[in-house]
Amino acid sequence: MQADPIQRAIDEDLVRVLYAQDLLAFFTHWFSIAVLTSIYWAEMSALRFFNAWFVFYAAANCLGLALWLWHRRWPAALPPRVWISLHALRGALLYSAPGLSIWFAFHSTQAELPLLHTVMLVTLAAGVFMSNGFDTLNFSIAIPLLLMPAIALHFSAHSFERIVVGIVLLFFFSAINLYAISYRKLFRSVVQARVDQQRLAESLALQKHVAVEAGLAKTRFFAAASHDLRQPLHAIGLLAASLGDTAAPSAERARAAENVVRNVEALNQLFNQVLDLSRIESGVTQVMRVDFRLAELFERVGSLYRPQAAAKGLALRIAPTSIVLHDDPVLLERVLGNLVANAVRYTDEGSIWVGLRRAGRADGGFIEVRDSGMGIPPGEQERIFEEFYRGASAERDARPGHGLGLPTVRRLIGLLGGELQMRSAPGRGSTFRFPVRAGDPGRVVTGLAEFTPAGVSAATAAGRRVLCIDDEPAIREGVASLLGRWGCVVKSVADEDAACGAIAEGFAPDAVLCDYQLGNGRAGNVALERVRGALARHGAERAVLLLITGDMASPELKALAEEGVPILHKPVNPARLLRTLQTAWRDADTKGGAASKAAAPAPGIAPPETFPQALPPPLTVSSRPRASR
Ligand code: ADP
């Protein structure tokens, strides 16, 4: 077996070149037999065994033809290296006849016969150079057999002319070998270039195929997404109309309001799927590891998906566990939520099992989600991790989804330092698992509810002063009203100049919420820097700073995230905002005033961006879309 693809390509080309010349060589050798016969004709009866050589040469020539026919008929019958070796063997038989038969010339009575025979050998050697020079084995067998006996006999003839001919022959022998070496180098580089070109063409074709597939997947995604966006929007429009109808009974209006909230949640879920992935890719998703009980996380995911599973007649079994993990519960909940949602979606009968397997690991184990569903064909097991890819079968396409769950899961697990493993067989279900680290039961600082929107209480926000910087009046109004409901004292301004002015006038904020791209064209980081300066000058450096952005992948944002600045992505939901503020304030309070910069995470507590992403996301405060964001 040849591991080197270039060598393999060279061998294949060599076989083609060597055998391509053989038919011509067949006639050339018959011509040479005819020439030998004619120059030796007068000596035929005097030279013993000459006839035998003649027969041997003719037989070798016929064998060569047979080999050529065999290769022509069944080129794939043998590996290239074997074809090359057989060709070399044929060369050994074929060229030994004219090469060694020069001995007869030196033993004939005609003085000119050695010279005539030598001329014929040189002609044959030139032919060998042309047809076999590409291959070391064939060339280095044929040329010595053709020329060496002649060189030896000329040198041993003890005549000045013969020795001169011997020297010339030796020079020719050396020159032809040197030329053949450079000939082979050239041949190798030509083959290398051809192989490179072929690879390039293949990789371009593959890339084109991938791009076409990605384009198709995106088209499918937009078709599905636009349907999923249109439906709730349509419903919200109708419900808003009935909300505006003052004559409608209050119970009906309350129901309509409830439905509006549900539809907004559905919209938000789709947005979040897309945004989650971009957030992870842009490197602004921050990991917060805490010690928590896995059973609590299992229960949250279970309570979310048990009704869906029950509606399909599936049993969602969650194995009891007492382990404490040291991991990011919010990111893990998104991972687990996606996997369980898929298990429910792609299983029509049987059950789903969620549990922890220690797998012999003392420092943790694997969270496993197993289903008895439709499974994934081997050919698709890598592709399902591509964005927007939903599998080839129409049956899968008919189920809700956008092909973003698994890519998100894989990246999240990567972010947590693990690797997602999968085992699946069509019709026999699938198992997904990923590693988790055990934590310290003595450090379980908080119940998971604290990390979830439902567990957030606005009490700690009451009385806090918040400076809100956003060039969009509607957002300023929305945020002011929301913060006002939490009991905050809010000052809303359109840009950082106004913010610095407000601080200078004596508004000492506990928090500054800054839009990343302000209408004055300055980026949020620049605005933040100026506001920080103003806070420091007026003794309000304890204020926590928060950036709110619709931007996903800017290097400045990434740098700010690495610095520990809490970054919220639009649409920001109220619980997320409150949770982020609370954590930042808690941090700032713990540090006792050291937090004039952005709130950095306390030990064991992550930056707040990680808080709000629990499933399902609640009602959002969203900005109106603007092209620049
Ligand atoms: P979505 O489920 O929204 O289509 P995902 O990225 O979560 O997107 O999954 C991609 C594809 O992988 C799905 O469309 C489905 O074909 C396949 N898949 C994922 N999970 C399972 C599962 N548990 N059983 C069978 N197929 C699955």
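Values in this document were obtained by computation on a predicted structure and should not be read as measured data.

Novice: Which residues make up the sheet that holds strand E5 (residues 364-371), and what values do they have?
Specialist: Strand order in the open sheet formed by five strands is E2-E4-E5-E7-E6, and the pairing between neighbours is mixed. Where the open sheet ends on each side, the last strands, each with one partner, are strand E2 (315-318) and strand E6 (421-425). On average, each strand axis in the sheet is inclined to that of its neighbour by 10°, with strand direction left out of account. Direction of pairing for E5 relative to strand E7 (residues 429-437): antiparallel, over a ladder of eight bridges. What sits directly across from Arg-370, in E7, is Thr-431. Along the sheet, helix H10 (residues 294-311) makes contact with E2, strand E4 (351-357) and E5, crossing E2 at roughly 175°.

Novice: Please give an account of the site of the ligand that cites residues and values.
Specialist: With respect to spatial proximity, 19 residues lie near the ligand, and among them Asn-342, Arg-345, Tyr-346, Arg-390 and Leu-406 are the closest. For the ligand, an oxygen atom lies 2.7 Å from a polar atom in the side chain of Asn-342. In this structure, Tyr-346 approaches the ligand through a side-chain N or O atom, which is 2.7 Å from an oxygen atom. In the complex, 99% of the free accessible area of the ligand, which totals 520 Å², lies under the protein chains. Among the elements of the structure, helix H11 (329-345), helix H13 (405-415) and E7 are those that each provide at least two residues to the shell around the ligand. Considering every element that reaches the shell around the ligand, the biggest residue donor is H13, with three residues.

Novice: With reference to specific residues and values, describe the pairing of strand E11 (residues 544-549).
Specialist: Within E11, six of the six residues are buried, leaving the element largely enclosed by the surrounding structure. Burial along E11 is two-sided: Val-544, Leu-546 and Ile-548 and Leu-545, Leu-547 and Thr-549, pointing in opposite directions, are all buried. Pairing of strand E10 (residues 511-515) with E11, which is carried by five bridges, proceeds in the parallel orientation. By the bridge assignment for E11, Val-512 is matched with Leu-545. Across three bridges, E11 lies against strand E12 (residues 567-569) in parallel orientation. Residue pairing in the sheet places Ile-548 in a bridge with Leu-568 of E12.

Novice: Pulling in residues and values, what's your account of a nonpolar patch on the surface?
Specialist: Where nonpolar side chains cluster on the molecular surface, the patch consists of Phe-56, Leu-63, Leu-89 and Leu-93 and spans about 350 Å² of accessible area. Sorting the residues of the nonpolar patch by element identifies helix H3 (50-73) and helix H4 (80-100) as the ones contributing at least two each. Checked against the element boundaries, Phe-56 lands in helix H3.

Novice: Give me the lowdown on the packing of helix H2 (residues 22-40) against H3, citing residues and values where you can.
Specialist: Interhelical geometry of H2 versus H3 gives an angle of 170° and a closest axis separation of 9 Å. Looking at the two axes, H2 sits roughly antiparallel to H3. Note on element contacts: H3 touches H2 through Phe-50, Phe-54, Tyr-57, Ala-58, Asn-61, Cys-62, Leu-65 and Trp-68, opposite Asp-22, Leu-23, Ala-25, Phe-26, His-29, Trp-30, Ser-32, Ile-33, Leu-36, Thr-37 and Tyr-40. Of the residues in the contact of H2 with H3, the class split is 14 nonpolar, four polar and one charged.

Novice: Outline the pattern of salt bridges, supporting the account with residue identities and numerical values.
Specialist: With the rule as written, the count across this model stands at 18 salt bridges. Salt-bridge contacts for Glu-382 lead to Arg-410; the nearest nitrogen and oxygen are separated by 3.1 Å. Here the residue Glu-382 occupies a position in the loop between E5 and helix H12 (394-397), and Arg-410 occupies one in helix H13, the gap between them amounting to 28 residues. On the accessibility criterion, Arg-410 (33% relative accessible area) is partly exposed.

Novice: Go over the packing of aromatic side chains with me, naming the residues and quoting the values.
Specialist: What the rule picks out here adds up to 10 aromatic pairs. Consider the rings of Trp-70 and Trp-83, whose centres lie 5.0 Å apart with planes at 70°: the pair is edge-to-face. Within this pair, whereas Trp-70 is found in helix H3, its partner Trp-83 is found in helix H4, the two being separated by 13 residues in sequence. Summarising the aromatic geometry, the rings of Phe-134 and Tyr-183 are spaced 4.7 Å apart at their centres and angled 25° between planes, so their arrangement reads as stacked.

How each quantity is defined
The residue count restarts for each chain, going from 1 along the sequence in the order it is written. Local features in this predicted model are restricted to residues whose pLDDT is 70 or higher, and side-chain atom pairs enter the listing and the counts only when it is 80 or higher, whereas totals over whole chains, interfaces and linings include all residues. The basis for the side-chain values is all heavy atoms of the structure; hydrogens and waters are excluded. The pairing criterion for strands is at least two bridges between them, as found by DSSP. Where helices and strands are cited, they refer to DSSP runs of H or I of at least four residues and of E of at least two residues respectively, numbered from the N terminus. Axis lines are fitted to C-alpha atoms, over the contacting stretch for helices. Their N-to-C directions set the angle, which ranges from 0 to 180 degrees. What makes two residues a contact is simply this: any of their non-hydrogen atoms within 4.5 Å. In this text, near means that some heavy atom of the residue lies within 4 Å of the molecule or strand in question. Within 3.5 Å is the distance limit for a polar contact, defined as a pair of N or O atoms, with the added protein rule that one can donate a hydrogen and the other accept it, and that residues adjacent in sequence qualify only through two side-chain atoms. The protein chains shown are the only cover counted for residues, whose accessible areas, like all others here, come from Shrake-Rupley with a 1.4 Å probe. The rule is simple: take the accessible area with a 1.4 Å probe, protein chains only, and divide by the maximum for that residue type; under 20% is buried, over 50% is exposed, in between is partly exposed. Patch rule: a residue counts if its relative accessible area is over 30% and it has no salt bridge; like charges are joined within 9 Å, and nonpolar side chains (Val, Leu, Ile, Met, Phe, Trp, Tyr) within 5 Å. Put simply, a salt bridge is a Lys or Arg side-chain nitrogen that is within 4 Å of an Asp or Glu carboxyl oxygen. Relative orientations are named as follows: roughly parallel for angles under 35 degrees, roughly antiparallel for angles over 145 degrees, roughly perpendicular for angles from 65 to 115 degrees, and oblique for any other angle. Under the grouping applied here, Gly and all other residues not named as nonpolar or charged are polar, the nonpolar ones being Ala, Val, Leu, Ile, Met, Phe, Trp, Tyr, Cys and Pro and the charged ones Asp, Glu, Lys and Arg. Each pair of aromatic rings taken from Phe, Tyr and Trp, with Trp reduced to its six-membered ring, is defined by centres within 6.5 Å and is described as stacked if the planes are under 30 degrees apart, edge-to-face if over 60, and tilted in the remaining cases.

Function-wise, these values are silent; they only describe arrangement.
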